[in-house]
Amino acid sequence: MKRVVITGIGAVSPLGADVPAMISGIEAGKSAVRHMDGWDQYIGLRSLVGAPAKLVNEKAIPRVSRRSMGRMSKFSVQAAEQAISDAGIDRALLTSGRMGCIIGSTMGSAESLNETFEIMIPDKDLTKLPSTKFFQCVSHTAAMNTAQYLGITGYVLATSAACASALQAIGAGCDLIRLGKQDAVLCGGAEELHPTVTGSFDILFATSSGYNDKPEQTPRPFDAKRDGLVCGEGSGILLIEEYEHALKRNAKIYAEIIGYHTCGSGVHVSQSSKDSMAACFRQTLADANINANEVDYINAHATATIHGDKEEAGAIREVFGDQAPVSSLKGYMGHTLGASGSIELIASLIMMEKGCIYPTLNLESVSPECNGILHVTEKLTKKINILIKNCFAFGGINASIICKKDIK
Amino acid sequence: MTEQDIIELTNQVFEESFEIEKELLKPEMNIFQDLGLDSLDVVDLVVALQEKFGIKIRNDERLKTIRSLGDIYNFILALKEENLSLNALHKQE
């Protein structure tokens, strides 16, 4: 099988419009979580916090491309442009049929879906619907808009597995390259913040609602006072490439993707399962052909839900013990859902590049049920050769990716 | 509503919905070749004109013959005149 390397990264996150802005925000210990004005009009919505991303210079996208894009597709296009420019690929590759585009999200644009229903439902009238609403609402909106905008003619796919969407997109891209079906794939996830999205978690009591007046103190991954997740938005896109292809053009290589696995829990649609998470870790390690003790850093999913964090900590404890440092980035950017896997993998690659580990923001007192793993609560200087990034989604979907820096 | 009102409101649709500069909005302009609209834009043009003028034109066969901005002005003007004569007819009845 062919080998896969990461040669380009791009992100629009709650901390800023590109990767350097995100990293400087994390390094400053900044929280992007805000009180969401106007959300209190929704009856029953308890969580009034979110981590919005700023859409900058959207008119730089020509109208004919922009008209079919909801907010998440605009984030995705901007992050993709960054990744392509970072990778320095010849633009001819985009239209060669040998480059694909796989971008996942929980669903289509929430804002556009809401607008569609607002137009259609009051008078049961379809004649008022603009032609492009459909393209903003479909599940593959970020993938197809990004591919169309860039002229990509290879595989165009959209993974849709809620919070595991981005990692599944990267994993699917990885598989295509391993099999020799594509030379490069632009892949990742995109998501947008909307009261209907936060509301879908809120009705399940999975959101944070006790910090509405002190938003920067939530979410609190692994902390004893955690009370749920906070939704965020943005997009993280990586350019992954066949190893020899990258070598030939003398590309900068961030890391090799040496392991990937995704699996279902077969247990429950919303309750995370420690055993199933641990099984996913073991399969990913097997795919990478390494032992658990070779992993230098674990970038946790850890969204700060009571149950999810407990299960993930338990699975990490069981498979990796207490030697590998663990941190979650949700405290800085909230949970960017379908984009979280790629946004947080990109931040992890920067940690790998810089030889440091960013701590879990808002982790002040480790919850007893999350003990027994090596939590990072202050910035740690450490050489990272191998890291694992985890994502766990509603629907009982698990996904993990292992990256390695030293490539022979 | 005067002919000038119709021209101005139609031009507003092109500025607001299709981001076309005012200077380009001349009656002889072909909406496809000169102003860059495509099949999706035509759907949105109909929605926007219906909204702007409070009319129902989605199933009007004359839409298929529209090529220039002037054709749209004339189409709306014709609708207005038809409406006036219809109203006059109703009054006679």
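Note that the structure is predicted; figures quoted are calculated from it, not measured.

Colleague: Go over the overall build of chain B with me, naming the residues and quoting the values.
Modeller: Counting its secondary structure elements, chain B contains three helices and zero strands. Counting from the amino terminus, helix and strand elements in chain B follow one another as α-α-α. Here chain B holds 93 residues, and 16% of them are scored as buried. Within chain B, contacts between residues separated by at least 24 positions form 58% of all contacts whose residues are at least 6 apart in sequence.

Colleague: Which residues make up the overall build of chain A, and what values go with them?
Modeller: For chain A, the helix and strand inventory stands at 13 helices and 15 strands. In terms of overall size, chain A behaves like a compact globule, its C-alpha atoms giving a radius of gyration of 20 Å where 408 residues would be expected to give roughly 22 Å. Dimensions along the principal axes, computed over C-alpha positions, put chain A at roughly 60 × 50 × 40 Å. Each of the 408 residues in chain A was classed as buried or not, and the buried ones make up 60%.

Colleague: Describe the domain arrangement of chain A, naming the residues involved and giving the relevant values.
Modeller: Residue and element names in this part refer to chain A. Domain boundaries in chain A define domain 1 (4-248) and domain 2 (260-404). Taking the mean C-alpha position of each, domain 1 and domain 2 sit 20 Å from one another. Counting residues at the interface gives 59 residues for domain 1, matched by 53 residues for domain 2. Residue assignment for the side of domain 1 that touches domain 2 shows that the elements contributing at least two residues are strand S1 (4-12), helix H1 (19-27), helix H7 (165-178), strand S6 (184-191) and strand S7 (234-242). In terms of residue count, H7 provides more of the side of domain 1 that touches domain 2 than any other element does, seven residues in total.

Colleague: Outline the pairing of S7 of chain A, supporting the account with residue identities and numerical values.
Modeller: Residues and elements named next belong to chain A. In terms of burial, S7 is largely enclosed, as nine of its nine residues are buried. Two elements, S6 and S7, share eight bridges in a ladder whose sense is antiparallel. Bridge assignment links Glu 191 to a residue of S7, and that residue is Gly 234.

Colleague: Give me helix H1 (residues 3-18) of chain B: which residues, what numbers.
Modeller: Residues and elements named next belong to chain B. Compared with an ideal rise of 1.5 Å per residue, which puts 16 residues at 22 Å, H1 spans 22 Å between its outermost C-alpha atoms and is within 8% of the ideal. For H1, the set of buried residues is Ile 6, Thr 10, Val 13, Phe 14 and Ser 17. Down the axis of H1, the smallest arc covering the buried residues is 95°, so these residues share one side. Those residues of H1 that are exposed and aimed more than 90 degrees away from the buried face are Gln 4, Asp 5, Glu 8 and Glu 16. Count one or two residues on from H1 and you reach Glu 19, which has phi positive near 55°.

Colleague: Got a sec to walk through the packing of helix H10 (residues 274-288) of chain A against helix H11 (residues 306-320) of chain A? Specific residues and values, please.
Modeller: Residue and element names in this part refer to chain A. The N-to-C vectors of H10 and H11 enclose an angle of 45°; their axes lie 8 Å apart at closest approach. With respect to their mutual orientation, H10 and H11 come out oblique. Here H10 and H11 pass one another in a crossing that is right-handed. On the side of H10, the interface is formed by Lys 274, Met 277, Ala 278, Phe 281 and Arg 282, while H11 contributes Glu 311, Glu 312, Gly 314, Ala 315, Glu 318 and Val 319.

Colleague: Can you break down the nonpolar core residue by residue, with the values?
Modeller: Residue and element names in this part refer to chain A. Counting residues in hydrophobic clusters, the biggest one holds 131 residues, and the most contacted among them are Ala 83, Ala 164, Val 185, Leu 238 and Ile 240. Looking at which domains feed residues into this core, each of domain 1 (4-248) and domain 2 (260-404) gives three or more. Excluding anything up to four places from it in sequence, Ala 83 contacts Gly 8, Ile 9, Gly 10, Leu 186, Ile 237, Leu 238 and Leu 239.

Colleague: I'd like to hear about the sheet that holds strand S5 (residues 156-157) of chain A, residue by residue, with values.
Modeller: Residues and elements named next belong to chain A. Spatially, S5-S4-S6-S7-S1-S8-S15-S14-S9-S10-S12 is the arrangement adopted by the eleven strands of the open sheet, whose pairing is mixed. Edge positions in the sheet fall to S5 and strand S12 (374-375), since each of these pairs with one other strand and no more. With respect to the sheet, H10 is in contact with strand S8 (255-264), strand S14 (386-393) and strand S15 (397-404), its orientation differing from that of S8 by roughly 145°.

Colleague: Go over the environment of Val 5 of chain A, please, and point to the residues and values.
Modeller: Residues and elements named next belong to chain A. With respect to the helices and strands, the residue Val 5 is situated in strand S1. Between the alpha carbons of Val 5 and Ala 246 there is a distance of 7.7 Å; along the sequence they are 241 residues apart. Filtering out sequence-adjacent residues up to four positions away, Val 5 remains in contact with Ile 240, Glu 241, Tyr 243, Ala 246, Ile 253, Ala 255 and Glu 256.

Colleague: Can you tell me about the interface of chain A and chain B, naming the residues and giving the values?
Modeller: Opposite the six residues of chain A that make contact, chain B presents eight residues. Across the side of chain A that touches chain B, the residue classes break down as one nonpolar, three polar and two charged.

Colleague: Talk me through the environment of Ser 112 of chain A; I want residue IDs and the actual numbers.
Modeller: Residues and elements named next belong to chain A. Looking at the secondary structure, you find Ser 112 in helix H4 (residues 110-120). Given 26 C-beta atoms within a 10 Å radius, Ser 112 is considered buried. Sequence-wise, Ser 112 and Gln 136 are 24 residues apart; in three dimensions their C-alpha atoms are separated by 6.1 Å. If we ignore the near neighbours within four places in the chain, the residues touching Ser 112 are Gly 70, Lys 133, Gln 136 and Cys 137.

Colleague: Give me the packing of H7 of chain A against helix H13 (residues 340-354) of chain A: which residues, what numbers.
Modeller: All names here are of chain A. Packing of H7 against H13 leaves a shortest axis separation of 5 Å and a crossing angle of 75°. Regarding the angle of H7 to H13, the classification is roughly perpendicular. Between H7 and H13, the residues in contact are Ala 166, Leu 167 and Ile 170 and Ser 340, Gly 341 and Ser 342, respectively.

Thresholds, definitions, all that
Sequence order as written defines residue numbering, which begins from 1 separately in each chain. Written order determines the labels here, with chains lettered from A and ligands numbered from 1. At least 70 in pLDDT is required for a residue's local features to be given in this predicted model, at least 80 for side-chain atom pairs to be given and counted, and no such filter applies to totals for whole chains, interfaces and linings, which use all residues. Helix numbering and strand numbering both begin at the N terminus, where a helix is a DSSP run of H or I of at least 4 residues and a strand a DSSP run of E of at least 2. Three classes are used. A residue is buried when 20 or more other C-beta atoms lie within 10 Å of its own, exposed when 12 or fewer do, and partly exposed in between, with C-beta atoms placed from the backbone. What counts as a contact here is a pair of residues whose C-beta atoms, placed from the backbone, lie within 7 Å. Note on method: radius of gyration uses C-alpha positions; expected globular size equals 2.2 Å times residues raised to 0.38. Where each domain begins and ends is defined by an automated method or by a domain database. A pair of strands is considered paired only if DSSP assigns at least 2 bridges between the two. Given the number of residues in a helix, its expected span is that number minus one, multiplied by 1.5 Å. Arc definition: directions from the helix axis to the C-beta atoms. Between the N-to-C directions of two axes lies an angle of 0 to 180 degrees, each axis being a line fitted to C-alpha atoms and, for a helix, fitted only over the stretch in contact. When an angle is under 35 degrees it counts as roughly parallel; over 145 it counts as roughly antiparallel; between 65 and 115 it counts as roughly perpendicular; any other value is oblique. By definition, any crossing whose near helix is turned counterclockwise from its far helix by less than a right angle is left-handed, and any crossing with a clockwise turn is right-handed. As used throughout, a nonpolar core is a set of buried Ala, Val, Leu, Ile, Met, Phe, Trp, Tyr and Cys residues joined through C-beta atoms within 7 Å of each other. Nonpolar residues are Ala, Val, Leu, Ile, Met, Phe, Trp, Tyr, Cys and Pro. Charged residues are Asp, Glu, Lys and Arg, and all others, Gly as well, are polar.

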